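Chains, contacts and geometry: an overview
Chain residues, written in single-letter form:
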Amino acid sequence: MNLRIGIIGTGAIGGFYGLMLARAGHDVHFLLRSEYPDVVRNGLRLNSQVHGELSLSPVNAYDDVARMPPCDWLLVGAKTTSNASLAPLIAQAAAQGAKVLLLQNGLAVEDELRMLLPDHLHLLGGLCFICVHRTAPGVIEHQAFGAVNVGYHSGPAMDEPARQAVVEEGVGLFRSADLGSNAMHSLEHARWQKLVWNIPYNGLSVLLDSGTRAIMDNPDSRALVAELMEEVVAGAKACGHSLPPNIVGAMLASTDAMPDYLPSMYHDFAQHRPLELGAIYAAPLEAAREAGREMPKIEALYRALRFIDARNQAR
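Residues numbered from 1 in each chain as written. Predicted model: local features only at pLDDT ≥ 70, side-chain atom pairs only at ≥ 80, totals over all residues. Heavy atoms only, no water.

**So, the nonpolar core**
In terms of nonpolar packing, the biggest core is built from 42 residues, with Tyr17, Trp73, Leu75 and Phe174 touching the most fellow members. Among the elements that line this core, the one with the most residues is helix 1 (residues 12–23), at eight residues. In this structure Tyr17 touches Leu75, Leu103, Cys128, Ile130, Gly146, Ala147, Val148, Phe174 and Leu179, once residues within four positions along its chain are discounted. Residues Val196, Met216, Leu275 and Met295 belong to the second largest nonpolar core, which totals 41 residues. (Core = buried A, V, L, I, M, F, W, Y, C linked by side-chain atoms within 4.5 Å. Buried < 20%, exposed > 50% of the residue type's maximum accessible area, 1.4 Å probe, protein only. Helix = DSSP H or I, 4+ residues; strand = E, 2+ residues; numbered from the N terminus. Contact = heavy atoms within 4.5 Å.)

**Comments concerning the pairing of strand 1 (residues 4–8)**
Sheet faces and side chains relate simply in a regular strand, where the side chains alternate between the two faces. Here strand 1 lies mainly inside the structure; four of its five residues are buried. Relative to strand 2 (residues 27–31), strand 1 runs parallel, the two sharing five bridges. In the strand pairing of strand 2, Gly6 is matched with His29. Strand direction decides the pairing type here: strand 1 and strand 6 (residues 71–76), joined by four bridges, are parallel. When the bridges of strand 6 are listed, Gly6 appears paired with Leu74. (Pairing = 2+ DSSP bridges.)

**Side note on the pattern of salt bridges**
Throughout the structure, instances matching the rule amount to 14 salt bridges. A salt bridge links Glu160 to Arg163; the shortest N-O distance between them is 3.4 Å. Taken as a pair, Glu160 and Arg163 lie in helix 5 (residues 160–176) at a separation of three residues, close to a single helical turn. What makes Arg163 partly exposed here is its relative accessible area of 25%. Two residues, Arg222 and Asp256, come together in a salt bridge whose shortest N-O distance is 2.8 Å. On the criterion of sequence distance, the pair formed by Arg222 in helix 8 (residues 219–238) and Asp256 in helix 9 (residues 247–257) is long-range, its members being 34 residues apart. Under the relative-accessibility criterion, Arg222 is labelled partly exposed at 28%. Since its relative accessible area comes to 36%, Asp256 is described here as partly exposed. (Salt bridge = Lys/Arg side-chain N within 4 Å of Asp/Glu carboxyl O.)

As structure tokens, then:
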């Protein structure tokens, strides 16, 4: 099946997966804003410690969604802070019955967007396990990993077999590009599980001005990471999602083994972009509170980040 794929938000995430899918032979189209002239002129470049140095040129690049062809799949790599403004672009770029896959962090990120999209579109969540960042217009640095797990949120697939078929189609896309991918039976459960890593490391990288290696090497910050992780596990359980009993130890061990990494929130802070505090902190805090569980350490981290973000945006 010859599927046309659109990338909405060609930053580090969208650029990486779009480039890999295009190199695997898929018909991929990229929507860009400020980087459009650079990508048209120089293409996309990927410096990967896993796949080597790769490039894509020429690129099917657009600075106006009206010029994009209708796409069967739309991969949304933009930050959750821009989801409301992205909805009209997604609707315009989508073919009838298209699948919209949010490659975003946080909890319940699909809920707000669902209300803004046409009913004929399928909405899915994609959890990316990857260390990647952008260093210049159209230039992406990839340190490790790259798998994407896919789950169905809502849309015209009304029964489980139909939903599973849509998810498996998405899984097949990533596997065709030699990227790991699995179907997720519960998108909310999987998002809670990923928050076990995202909540401590994203926020502490900003608060402590440090990458993962320095955070893990210091006994105080390492202990704080573990305590924040335990709070996420407890919050998830209160919301009906029992995470694996060894998840905290496993995530600490995997972070010890990975290269030093500055999470996406650190790069947003450094570039004076709004931090994704709503999806990564406010939403799980609210969900846990409604289920009768407070997460005081996460609440304290969230309030400190709100102060830092407000001051950073005012500069």
